[in-house]
Amino acid sequence: MLERFKTVRQFGYKEIVIRKSRFIGYAKPVQTEEEAIQFIDEIKKQHWNATHNCSAYMIGERDEIQKQSDDGEPSGTAGKPILEVIKNQNLKNTAIVVTRYFGGILLGAGGLIRAYTDGAVAAIEAAETIVNVLHTQIYVEIDYTWLGKLENELRNRNIRMGETQFTDKVILTCLPVAAEADRFTAWITDLTQGQGVITRGDQVYFIEGE
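Quantities reported herein were computed from a predicted structural model and do not represent experimental measurements. (Residues numbered from 1 in each chain as written. Predicted model: local features only at pLDDT ≥ 70, side-chain atom pairs only at ≥ 80, totals over all residues. Heavy atoms only, no water.)

**Things to note about the overall build of the chain**
1) Next: Regarding its fold elements, the chain presents five helices and ten strands.
2) Next: A compact globule built from 210 residues should have a C-alpha radius of gyration of about 17 Å, whereas the chain, at 24 Å, is more than 25% larger.
3) Next: Reported as C-alpha extents along the three principal axes, the dimensions of the chain are approximately 75 × 25 × 25 Å.
4) Next: Burial analysis of the chain (210 residues in total) assigns 43% to the buried set.
5) Next: A sequence separation of at least 24 residues applies to 71% of the contacts in the chain between residues at least 6 apart.
6) Next: Per element, the accessible surface of the chain, about 11,000 Å² overall, is 47% carbon and sulfur. (Helix = DSSP H or I, 4+ residues; strand = E, 2+ residues; numbered from the N terminus. Rg over C-alpha atoms; globule rule 2.2 N^0.38 Å. Buried < 20%, exposed > 50% of the residue type's maximum accessible area, 1.4 Å probe, protein only. Contact = heavy atoms within 4.5 Å. Areas by Shrake-Rupley, 256 points an atom, 1.4 Å probe, with all protein chains shown as cover.)

Below, the structure written as structure tokens:
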């Protein structure tokens, strides 16, 4: 799993008008190609009477899946510019559709490329970009006598925390950044003088800064 990656937070859309043509950019985070195709189909159904519904998406840790569609626009003037915006903004797992309602003025190849680029950028701005950072769940089982000290130290280090379980002992769910998990485990072991029982859980993504 990637230690961190940039994507869009949510579904978003924005309309711009260029020389009387309406361009509506839609962006959405997607995890699979099936999700991307479904999203594109939904926009096409919504705008069944549009002149064009051009699209692109990029999916995978290494951007393994990259697809684009000009949907009837001259080759290379719509789908490719949209895909280039996704690449240039270093986005992963992102699908974009730019819908066009022709306004009666021809834009030419260069004008189309700029228009679909602007439509894709507008969509991304509406959907908002975020950075997902990989964290590791680490469960620390301790006696109650350690709780105050450990909680204070974790707060001082700004360690993300999950649920705390109270039984005959206390189980803290700590969520350090995955890249620092080994150092964190060693630190906890030293801090608790080896009395903390440490168990690793899953790896999960959280939004940077939240």
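**Here we look at the pairing of strand β3 (residues 21–29)**
1) Next: Pairing analysis gives seven bridges linking strand β2 (residues 12–18) to β3, with the strands arranged antiparallel. Across the sheet, the residue bridging to I18 is S21, located in β3.
2) Next: A loop of two residues connects β2 with β3, the two strands running antiparallel in sequence, and R19 in this loop sits at a positive phi of about 50°.
3) Next: Two elements, β3 and strand β6 (residues 94–101), share eight bridges in a ladder whose sense is antiparallel. Its bridge partner being in β6, I24 is matched across the sheet by T99. (Pairing = 2+ DSSP bridges.)

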